Amino acid sequence: MIVNTSIYLRLDYLFLEEFLLTEVEYILLNKRSCCMQLEEYFNVLAPDDIRLKGTRIGIESILYEYIYRARTAEEIAKIYPSLSLEQVYATILYYLHDREAVGQYLTDWIEFGERMRAEQRENPSPARLRFKQLKAHQTSKVCPA
């Protein structure tokens, strides 16, 4: 059995984040099916649209769970059953290798979502307005003033 000592030496990091990075690298580099380049896990459809290959799931979905909800890779894989644990780890590793660029990607995604929600509140669709009217009508029947 050939052992890649550089990988094992990297396991000596003290910080959890660095440990996670080395664990993910270890898993991805030591797969029996040989090594895939990290970029091979993703489809870059546009600068603001990166998805996991073979899925419609964007990296922002996985990274939001990981960064903002503090979920583990295993928990994220359970949330998205169409993804393998390997794909989740690859996404986290992608983020950890280039925090600045991927962090900006995620920030842009969050800001876009906030802008769209604000716009929808200011200019609700006709269907949303009708729904509000129906709800108000039902509430007035149940609780007369």
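Anything mentioned here points back to the structure above.
Scope of this entry: the structure provided in the associated data block.

## Some points on unusual backbone geometry
Phase 1 of the analysis: Backbone geometry places Ala70, a non-glycine residue, at a positive phi of 55°.
Phase 2 of the analysis: Turning to its location among the elements, Ala70 is positioned in the loop between helix H3 (59-67) and helix H4 (73-79).

## So, the nonpolar core
Phase 1 of the analysis: Phe42, Ile59, Ile62, Leu83 and Val88 are the most contacted members of the largest nonpolar core, which has 26 residues in total.
Phase 2 of the analysis: Filtering out sequence-adjacent residues up to four positions away, Leu83 remains in contact with Leu52, Thr55, Ile57, Ile62, Ala77 and Val88.

## Considerations on a negative patch on the surface
Phase 1 of the analysis: A surface patch of like charges, here negative, comprises Asp48, Asp108, Glu111 and Glu114.
Phase 2 of the analysis: Locating Asp108 in the fold gives a position in helix H6 (residues 99-122).
Phase 3 of the analysis: For Asp108, a relative accessible area of 40% puts it in the partly exposed group.

## Concerning the pattern of salt bridges
Phase 1 of the analysis: Following the criterion strictly, the structure yields three salt bridges and no others.
Phase 2 of the analysis: Among the salt bridges present, the one from Arg69 reaches Glu65, with a minimum N-O distance of 2.8 Å.
Phase 3 of the analysis: For Glu65, a relative accessible area of 7% translates into the label buried.
Phase 4 of the analysis: A salt bridge links Arg71 to Glu65, with the nearest nitrogen and oxygen atoms 2.4 Å apart.

Calculation notes
Residues numbered from 1 in each chain as written. Predicted model: local features only at pLDDT ≥ 70, side-chain atom pairs only at ≥ 80, totals over all residues. Heavy atoms only, no water. Helix = DSSP H or I, 4+ residues; strand = E, 2+ residues; numbered from the N terminus. Core = buried A, V, L, I, M, F, W, Y, C linked by side-chain atoms within 4.5 Å. Buried < 20%, exposed > 50% of the residue type's maximum accessible area, 1.4 Å probe, protein only. Contact = heavy atoms within 4.5 Å. Patch = residues over 30% accessible without salt bridge, like charges linked within 9 Å, V, L, I, M, F, W, Y side chains within 5 Å. Areas by Shrake-Rupley, 256 points an atom, 1.4 Å probe, with all protein chains shown as cover. Salt bridge = Lys/Arg side-chain N within 4 Å of Asp/Glu carboxyl O. Lys, Arg positive; Asp, Glu negative; His and termini not counted. Charge placed at Lys NZ, Arg CZ, Asp CG, Glu CD.

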